[in-house]
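Commentary on secondary and tertiary structure
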Amino acid sequence: MLKEPRILNRDTSDIKTAPQWDEINAIAAKLEITIVGADAQRTEDIEPTFRRFKAERVDVVIVLQANFLLLDRAQITAAAAATRLPTLYGYRELVDAGGLISYGIDLRACNYRAASYVYKILKGTPVADLPFEFPTRVDLVINLRTAKALGLAVPDMLLARADEVIE
């Protein structure tokens with residue numbers, strides 16, 4: 001049973017992190033799991049934060065969906081691998097970069113939708129006539145190579161539910 005998962009980035013300057021933090025805390029309270037946050041707001045903060053997590057013998061790290069963390073995915077996945085900490089991500093791009101597992105929106109699909117809005121606006125559609133859209137698809141992506149490197153066995157039920165498995 002997980003006792004104290006660590007959350008990487010509670011950066012309040014990124015509008016997406018506060019709701020994620022609140023949701024994770026609400027679920028953790030129901031499961032009687034303690035969540036501890038760590039602010040990592042610069043690239044230089046990533047490696048020392050993971051080393052601290054390793055020294056504290058954490059069970060799992062959750063990386064929130066924050067803009068800078070997506071941009072620093074190589075540093076994050078390298079730090080997770082170096083410390084051998086199972087790490088969960090909100091963006092699949094981090095799993096593509098060697099992370100263990102992600103559950104989140106498909107950024108490529110969001111960018112495609114944004115491009116269709118730009119196209120409509122350039123063709124003369126008033127912005128006020130365009131509906132506000134939220135992503136409707138959430139993908140589960142698992143990197144079995146990373147799981148193997150960490151010595152983790154991924155349950156068959158989880159693999160069956162995955163939208164993509166990287167082997």
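Residues numbered from 1 in each chain as written. Predicted model: local features only at pLDDT ≥ 70, side-chain atom pairs only at ≥ 80, totals over all residues. Heavy atoms only, no water.

Following both chains from N to C, one finds helix H2 (residues 43-55) and helix H4 (residues 73-83) inclined at 20°, their axes separated by 9 Å at the closest point. Classified by the angle between their axes, H2 and H4 sit roughly parallel to one another. The crossing of H2 and H4 is right-handed. Between H2 and H4, the contacting residues are Thr43, Ile46, Glu47, Phe50, Arg51 and Lys54 on the first element and Gln75, Ile76, Ala79, Ala80 and Thr83 on the second. (Axes fitted to C-alpha atoms, helices over the stretch in contact; angles between N-to-C directions. Helix = DSSP H or I, 4+ residues; strand = E, 2+ residues; numbered from the N terminus. Parallel < 35°, antiparallel > 145°, perpendicular 65-115°, else oblique. Left-handed = near helix turned anticlockwise from the far one by under 90°. Contact = heavy atoms within 4.5 Å.)

Note on placement: threonine 77 falls in helix H4. Side-chain polar atoms of threonine 77 contact the backbone oxygen of alanine 74, separated by 3.3 Å. Among residues more than four places away in sequence, those in contact with threonine 77 are Tyr89, Leu94, Ala97, Gly98 and Gly99. (Polar contact = N/O pair within 3.5 Å; in protein donor to acceptor, adjacent residues only side chain to side chain.)

In this section: the pairing of strand S6 (residues 138-143). Most of S6 is tucked away: five of the six residues are buried. When S6 meets strand S7 (residues 164-166), the two strands line up parallel, connected through three bridges. Residue pairing across strands places isoleucine 142 opposite valine 165, the latter belonging to S7. (Buried < 20%, exposed > 50% of the residue type's maximum accessible area, 1.4 Å probe, protein only. Pairing = 2+ DSSP bridges.)

What follows deals with the side chain of asparagine 143. Relative to the elements of secondary structure, asparagine 143 occurs in strand S6. Asparagine 143 sits in the buried class, given a relative accessible area of 2%.

Under the counting rule described, the total for this entry stands at ten salt bridges. In this structure, aspartate 45 and arginine 42 form a salt bridge, with 2.9 Å as the shortest nitrogen-oxygen distance. Among the residues examined, arginine 42 registers a relative accessible area of 48% and is labelled partly exposed. When salt bridges that share partners are traced, they join Arg42, Glu44 and Asp45 into one network. (Salt bridge = Lys/Arg side-chain N within 4 Å of Asp/Glu carboxyl O.)

Formed by 23 residues in total, the largest nonpolar core has its most connected members in Phe50, Val61, Ile76 and Tyr89. Only H2, strand S3 (61-63), helix H3 (67-71), H4 and helix H5 (92-96) provide two or more residues apiece to this core. Residues within four places of isoleucine 76 in sequence aside, it is in contact with Ile46, Phe50, Val63, Leu69, Tyr89 and Leu94. Ile101, Leu140, Ile142 and Leu150 belong to the second-largest nonpolar core, a separate cluster that totals eight residues. (Core = buried A, V, L, I, M, F, W, Y, C linked by side-chain atoms within 4.5 Å.)

Below, the discussion takes up the environment of lysine 120. Tracing the backbone shows lysine 120 in helix H6 (residues 107-122). Along the chain, lysine 120 and arginine 42 lie 78 residues apart, while their C-alpha atoms are 36 Å from each other. Those residues in contact with lysine 120 that sit more than four places away from it in its chain are Arg113, Thr125 and Leu130.

Before going further, it helps to spend a moment on the environment of alanine 28. Tracing the backbone shows alanine 28 in helix H1 (residues 17-31). A residue is classified by how much of its surface remains accessible, and alanine 28, at 5% relative accessible area, is buried. Spatially, the C-alpha atoms of alanine 28 and asparagine 111 are 32 Å apart, while their sequence positions differ by 83 residues. When sequence neighbours within four positions are dropped, the list of residues in contact with alanine 28 reads Ile33 and Ile35.

Time to look at H1. Taking 1.5 Å per residue as the helical rise, H1 with its 15 residues ought to reach 21 Å, and the 21 Å between its terminal C-alpha atoms agrees with that figure. When H1 is considered as a whole, its buried residues turn out to be Thr17, Gln20, Trp21 and Ala28. Down the axis of H1, the buried set is contained in an arc of 95°. They therefore lie on one face. Opposite the buried face of H1, by more than 90 degrees, sit the exposed residues Glu23, Ile27, Ala29 and Lys30. Directly beyond the C-terminal end of H1, a positive phi value near 55° is found at glutamate 32. (Expected span 1.5 Å × (residues − 1). Arc of directions from axis to C-beta.)

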